[in-house]
Amino acid sequence: MTKPCIICVAITGSVATKENNPAVPTSVPEQVESTHEAFEAGASIAHVHVRNDDQSPSSDPEKFARLKEGLEKHCPGMIIQFSTGGRSGAGQARGGMLPLKPDMASLSVGSNNFPTRVYENPPDLVDWLAGEMRTYEVKPEIEAFDLSHIHQAAAMNRDGRIPGKLYVQFVMGVKNAMPVDRDVFDYYIKTVERLAPDAEWCAAGIGRHQLTVNEWCIASGGHTRTGLEDNVRLDRDTLAPSNAALVKRAADLCEKYDRPVATWQQAREILDLRTAA
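Below or above, wherever it landed, is the structure these notes cover. Note that this is a predicted model, so its numbers are computed, not measured.

## Side note on the overall build of the protein
Helix and strand content of the protein: 8 helices and 14 strands. Compactness check: the protein gives a C-alpha radius of gyration of 17 Å against a globular reference of 19 Å for 277 residues, within 12% of the reference. Expressed as lengths along the three principal axes of its C-alpha atoms, the size of the protein is roughly 45 × 40 × 40 Å. When burial is assessed residue by residue, the protein has 55% of its 277 residues classed as buried. Taking the contacts inside the protein whose residues are at least 6 apart along the sequence as the reference set, 71% of them involve residues at least 24 apart. Accessible surface, the protein: about 11,600 Å² in total, of which carbon and sulfur atoms supply 50%. Across the protein, the 30 positively charged side chains and the 37 negatively charged ones have centroids separated by 2 Å.

Written out as structure tokens, the structure is:
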């Protein structure tokens, strides 16, 4: 198999703190440094959240602007993907950073359960976020926590609310949501291929499932996501020393399955993204 594998690094997220792992980057300078190391290790997409000084999640556009500026300077060409997730804000505040025109942004097109609450993505908010992404030419990455989310993304693609080639990420292993199940994973792939034949797909495994899902993706011809947002450990007894260490682990799997790690140029071509300035 010679198709390049895009490695996305989710550097921070909204949950893990330095109490969980001191390597979690929460300030903008830490995030830039951690992403640069991951970029050099093979990541071509940076999925980013921002935090307040007390490590709580934020959707502050000013923080996103400073992070984007730092990443463009120190990781030239890397695809910058903002999170519009519901842990960082409510309502339209979740998309307040989209006018900064990142390359990509996450888009959840339906609701589901999280460990202690409902992750609410009502249709009017989904349509508004998708509209903002069209306005500012930001490519959505569909975060599919449920089979229905793949069907909804395909419907939005057909009617033009999500234009162009779909990029769908299966999120597996969140408690009370979709478990890490190989039959489900394989069916997700078949569903994407049936509903959106030209789509690209990837997957993220949460916590101890990260390595398993990384290997499934790479062996099956898809793309993959890793990083301290999803998992703070290398194994049960060892904290991950950095985002770069998790990226290197995914890159080693690419070598195992004869998959070249996608460069940022190849990743932009695969995803139909504009060339970096």
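## Section: the packing of helix α1 (residues 28-41) against helix α2 (residues 61-74)
Two quantities define a packed helix pair, namely the angle between the axes and the distance from one axis to the other. Put simply, α1 and α2 touch, their axes get as near as 9 Å, and they point 35 degrees apart. Considering how the two elements wind past one another, α1 and α2 form a crossing that is right-handed. Facing V28, Q31, V32, T35 and H36 of α1, the residues of α2 in contact are K63, R66, L67, G70, L71 and H74. In the contact of α1 with α2, the residues fall into 4 nonpolar, 5 polar and 2 charged.

## Considerations on the packing of aromatic side chains
Taken as a whole and assessed by the stated rule, the structure comprises 9 aromatic pairs. Between Y119 and F145, the ring centres sit 5.7 Å apart and the planes meet at 85 degrees, which makes this aromatic pair edge-to-face. In this pair, Y119 is assigned in strand β8 (residues 118-119) and F145 in the loop between β9 (139-144) and α4 (147-158), connecting sequence segments 26 residues apart. The burial state of Y119 is the same as that of F145; both residues are buried. Taken together, the ring pairs connect F170, F185, Y188, W201 and W216 into an aromatic cluster.

## Describing α2
With 14 residues, α2 should cover 20 Å at 1.5 Å per step; its first-to-last C-alpha distance of 20 Å lies within 8% of that length. Looking at the buried positions of α2, the neighbouring elements they touch are α1, β2 (45-48), β3 (50-51), β4 (57-58) and β5 (79-82).

## Quick look at empty space enclosed by the protein
All chains considered together, the criterion is met by 1 cavity of 30 Å³ or more. In this structure, the largest cavity encloses a volume near 30 Å³. Lining of the largest cavity is provided by I150, A153, A154, L166, V168, V192 and A196. Examining the composition of the lining of the largest cavity, we find that 3 residues originate from one element, α4, more than from any other.

## Some words on the nonpolar core
Counting residues in hydrophobic clusters, the biggest one holds 58 residues, and the most contacted among them are V48, L107, I142, L166, V168, F170 and F185. Those residues in contact with F170 that sit more than four places away from it in its chain are A144, I150, F185, Y188, I189, V192, W201, C202, A203 and A204.

## Quick look at unusual backbone geometry
The phi dihedral of Q55 falls on the positive side, at around 75 degrees, and the residue is not glycine. For Q55, the location among the structural elements is in the loop between β3 and β4. On the accessibility criterion, Q55 (16% relative accessible area) is buried. The backbone of D272 shows a phi angle near 60 degrees, a positive value even though the residue is not glycine. Structurally, D272 is set in the segment after α8 (264-270). Classification of D272 as exposed rests on a relative accessible area of 53%.

## Let's talk about the pattern of salt bridges
Enumeration over the complete set of coordinates arrives at 15 salt bridges. Salt-bridge contacts for E200 lead to K3; the nearest nitrogen and oxygen are separated by 2.8 Å. Separated by 197 residues along the polypeptide, E200 in strand β11 (residues 200-205) and K3 in the segment before β1 (7-10) bring together distant segments of the chain. By relative accessible area, which is 33% here, K3 ends up partly exposed. Taking the shortest distance from any N to any O, the salt bridge between K165 and E200 comes out at 3.9 Å. Of the two residues, K165 is situated in the loop between α4 and β10 (167-172) and E200 in strand β11; the sequence distance between them amounts to 35 residues. Of the two residues, K165 and E200, neither departs from the other in class, the shared state being buried.

## Some remarks on the side chain of S59
Tracing the chain through its elements places S59 in the loop between β4 and α2. The contacts of S59, once residues within four sequence positions are left out, are F64, S88, G89, A93 and M97.

## Concerning helix α6 (residues 210-220)
Given 3.6 residues per turn, any residue in an α-helix points the same way as the ones three and four places further on. Listed in full, the buried residues belonging to α6 are Q210, V213, N214, W216, C217 and I218. Contact partners of the buried residues in α6: α5 (182-195), β11, β12 (223-226) and α7 (243-256). One or two positions beyond α6, positive phi appears at G221, with a value near 90 degrees.

Rules behind the numbers
- Residues numbered from 1 in each chain as written.
- Predicted model: local features only at pLDDT ≥ 70, side-chain atom pairs only at ≥ 80, totals over all residues.
- Heavy atoms only, no water.
- Helix = DSSP H or I, 4+ residues; strand = E, 2+ residues; numbered from the N terminus.
- Rg over C-alpha atoms; globule rule 2.2 N^0.38 Å.
- Buried < 20%, exposed > 50% of the residue type's maximum accessible area, 1.4 Å probe, protein only.
- Contact = heavy atoms within 4.5 Å.
- Areas by Shrake-Rupley, 256 points an atom, 1.4 Å probe, with all protein chains shown as cover.
- Lys, Arg positive; Asp, Glu negative; His and termini not counted.
- Charge placed at Lys NZ, Arg CZ, Asp CG, Glu CD.
- Axes fitted to C-alpha atoms, helices over the stretch in contact; angles between N-to-C directions.
- Left-handed = near helix turned anticlockwise from the far one by under 90°.
- Nonpolar A, V, L, I, M, F, W, Y, C, P; charged D, E, K, R; others polar.
- Phe/Tyr/Trp six-rings, centres within 6.5 Å; stacked < 30°, edge-to-face > 60°.
- Expected span 1.5 Å × (residues − 1).
- 1 Å grid on protein atoms, 1.4 Å probe; cavity = no way out; pocket = protein on both sides within 12 Å on 5 of 7 lines; lining within 4 Å.
- Points joined across faces, edges and corners; volume = space filled by probe spheres on them.
- Core = buried A, V, L, I, M, F, W, Y, C linked by side-chain atoms within 4.5 Å.
- Salt bridge = Lys/Arg side-chain N within 4 Å of Asp/Glu carboxyl O.

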